[in-house]
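Listed below, chain by chain, are the residues.
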Amino acid sequence: MDTVIGVIGGSGLYEIDGLENAAWTAVETPWGTPSDEILTGTLDGVKMAFLPRHGRGHVHSPTTVPYRANIDALKRIGVTDVISVSACGSFREDMAPGHFVVVDQFIDRTFAREKSFFGTGCVAHVSVAHPTCPRLGEACLEAATAQGITVHNGGTYLAMEGPQFSSLAESKMYREQWGCDVIGMTNMPEAKLAREAELCYASVAMVTDYDSWHPDHGEVDVMDIIQTLSGNSTNARGMVARLPALLGTERPPCLHGCDRALEYAIMTAPEKRDPALLARLDAVAGRVI
Ligand SMILES: CSC[C@H]1O[C@H](OP(=O)(O)O)[C@H](O)[C@@H]1O
Ligand SMILES: Nc1ncnc2[nH]cnc12
């Protein structure tokens, strides 16, 4: 199978550079319209697709990002590996603004989003015990290191609903009681949906601030975040540009089984499945239904 790298760009990352035959293409899905058109092209001979999570011009809030349409659209155009790039706050002194974190765990505190492609008429339960793909995470770690970025291997990302930042009490609880490392508003349900769509998913969180727990930093300020983001975005583009050479053109079956997540997940008896829902699942679950 050919590798097709899909990059979801978060706050501050609205395009990537250097693609050959670059073109923005509109993709419609049974789950609605994605956040924006998708930029496709090749880099080092590897096919790539880039989707700005909030849309160019930052149109969608973390709550209104069309997560299902975004993941379906990437799957529909043939993406095999999704790299999510996001801004985040840090709960750790040693994960400082400007550093990157290759996230490997999540706590999902979002509550106002559609979180599954499945439901009445086709029920499925996939495992998200290990929600990210170690192979992809390692490639991101290597790419970021080669780019000269200070990058942390592993971390727990608290996904909050937003759009407001956390209160001091919440920030302290996530840090002291829950042991989280970073906080953001978008990686859930994105990671869960990628797993349902049998896509390998890695998350690179770029630290922009210390959230509100830090005695020397006080409140989170979006102006400070934007300032840090402009440096982060140059680094993020450099990291992304190194991924094709690391991942290669040939994509073997995922050693961790991300690409077979639905193998035994669907519970609904074949004769009880809803044809309308099955039709919507053509790209996401076409392999198994
Ligand atoms: C600009 S600060 C808050 C905003 O930034 C992050 O977005 P993304 O995860 O897409 O990089 C955070 O989750 C909030 O949406
Ligand atoms: N402190 C923070 N909380 C939530 N999302 C963020 N994105 C960037 N910084 C953040």
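Residues numbered from 1 in each chain as written. Chains lettered and ligands numbered in written order. Predicted model: local features only at pLDDT ≥ 70, side-chain atom pairs only at ≥ 80, totals over all residues.

Peer 1: I would appreciate a short explanation of helix α3 (residues 168-177) in the present structure.
Peer 2: Since the α-helix turns once every 3.6 residues, residues separated by three or four places project in the same direction. Of the positions making up α3, those classed as buried are Ser171, Tyr174 and Arg175. Buried residues of α3 fall within an arc of 90° about the axis and therefore sit on the same side. Away from the buried face of α3 by more than 90 degrees, exposed residues Ala169, Glu176 and Gln177 are located. On its buried face, α3 is in contact with β9 (156-159) and β10 (182-184). The positive-phi residue at the C-terminal boundary of α3 is Gly179, with phi of around 65°. (Buried ≥ 20, exposed ≤ 12 C-beta atoms within 10 Å, placed from the backbone. Helix = DSSP H or I, 4+ residues; strand = E, 2+ residues; numbered from the N terminus. Arc of directions from axis to C-beta. Contact = placed C-beta atoms within 7 Å.)

Peer 1: What is the right way to look at unusual backbone geometry in this model?
Peer 2: Working note: non-glycine residues mostly have negative phi, and peptide bonds are mostly trans. For the peptide bond that leads from Gly162 to Pro163, omega is 0°, which places it in the cis range. Structurally, Pro163 can be placed in the loop between β9 and α3. Pro189 follows Met188 through a cis peptide bond whose omega is 10°. Positive phi outside glycine occurs at His58, with the angle close to 55°. Relative to the elements of secondary structure, His58 occurs in the loop between β4 (46-52) and α1 (67-76). Backbone geometry at Asp211 places phi at a positive 50°, although glycine is not the residue there. For Asp211, the position within the fold is in the loop between β11 (200-209) and α5 (222-247).

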